Amino acid sequence: MTPVTMKIYAVSDGPPSLAVRMALKALNIPHEHISVDFGAGEHMTDEYAKMNPQKEIPVLDDNGFFLSESNAILQYLCDKYAPESSLYPKDATLRAVVNQRLCFNLAFLYPNISAYVMAPIFFDYERTPIGLKKLTMALSAFETYMSRTGTNFVAGNNLTIADFPLVTSVMCLEGINFDMTAYPLISKWYAGFKQQFPDLWSISAAGMAEIAEFEKNPPDLTGMEHPIHPIRKVQK
């Protein structure tokens, strides 16, 4: 048996990690999942920085080739291991739409979801009206994209790697019971993904369960020294 040489350093509830893990499963790529202890700050160490100087999660180690940024990892996995896969189409126009959706999530949707949902759970931030306004603007843009394409998936008529990070972004909203009534096309796509790809969704479902629990009982990160985010003081 050929030993597994690919490793993915990931967390169990982080949307970028979950998106990559779904892609690995969808492409049936053998790999070793190495869990990074976010609460212990394992990603902030000098050793981790050798793999990713940004000290962010996830990181792919493909037999000594280190790659960070989840979008780049998704693209790399398809290009190297499944170049004919419809998950990342070769047609220039179709691929451009996939890339645009990946960039949209990276630059516009997930940052606002992260700021409104995730940051107040893990660090000393509050959910604010301006944060909600930015989030609704991003969701409205997403809904418009879905309306204009009229497709069952975010970048066309079939599943692509663009669906993975967008699913894990919306998953965060479900984790805090965010009202999605105003976004029926997003909701329909999201529900359809769950129904059609239960094995892939199970990866995100586990992460969402953790987020939902952390929403009720925020984790104690007082042992972490973060260079940017303020650590919530926990009364003991």
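Each chain carries its own residue numbering, running from 1 in the direction its sequence is written. Since the coordinates come from a predicted model, pLDDT governs what is reported: local features require at least 70, and pairs of side-chain atoms require 80 or more to be given and counted, while whole-chain, interface and lining totals use all residues. Each side-chain value is derived from all of the structure's non-hydrogen atoms; neither hydrogens nor water enter the calculation.

1. Considering the UniProt feature "domain: GST C-terminal" (unreviewed entry) in the chain
UniProt's feature table lists "domain: GST C-terminal" (unreviewed entry) at residues 91-220, given in the numbering used throughout. Under the DSSP-based scheme used, a helix requires at least four consecutive residues in state H or I and a strand at least two consecutive residues in state E, with every element numbered from the N terminus. In the segment residues 91-220, helix accounts for 75% and strand for 0%; the C-alpha atoms at its two ends are 47 Å apart. UniProt positions are given in the numbering used here, feature names are shortened, and annotations may be inferred rather than shown by experiment.

2. Overview of the side chain of His43
Relative to the assigned elements, His43 resides in the loop between β2 (32-35) and α2 (46-49). Residue contacts follow a heavy-atom distance rule, with two residues in contact if any of their heavy atoms lie within 4.5 Å. Look past the residues within four positions of His43 in its chain and what remains in contact with it is Val36, Phe38, Tyr48, Lys55, Ile57 and Met224.

3. Describing the sheet that holds strand β4 (residues 65-68)
Strand pairing within a sheet occurs via backbone hydrogen bonds; the two strands may be parallel or antiparallel. Spatially, four strands are ordered β2-β1-β3-β4 in an open sheet, and the strand pairing comes out mixed. The sheet terminates laterally at β2 and β4, the two strands that pair on one side only. Strand-to-strand twist across the sheet, computed as the mean angle between neighbouring axes with direction ignored, equals 20 degrees. Whether two strands pair depends on DSSP finding at least two bridges between them. For helices, the fitted axis covers only the stretch in contact; all axes are lines through C-alpha atoms, and the angles between them, taken along N-to-C directions, range from 0 to 180 degrees.

4. Here we look at the nonpolar core
It is characteristic of soluble globular proteins that their nonpolar side chains tend to be buried jointly. Within this scheme, the nonpolar core is defined by two criteria: the residues are buried Ala, Val, Leu, Ile, Met, Phe, Trp, Tyr or Cys, and they are joined through side-chain atoms within 4.5 Å. Under the scheme applied here, a residue whose accessible area is under 20% of the maximum for its type counts as buried, over 50% as exposed, and between as partly exposed, the area being computed with a 1.4 Å probe on protein chains only. Core analysis: the biggest nonpolar cluster contains 66 residues, and Leu77, Val117, Leu139, Phe142, Ile161, Phe164 and Trp189 have the highest contact counts within it. Those elements that place two or more of their residues in this core are β1 (6-10), α1 (15-26), α3 (70-81), α4 (92-122), α5 (129-149), α6 (163-175), α7 (184-196) and α8 (198-216). Ranked by the residues each element gives to this core, the list is headed by α4, at 11 residues. When neighbours within four sequence positions are excluded, Leu139 is seen to be in contact with Leu109, Leu173, Phe178, Met180, Tyr183 and Ile186.

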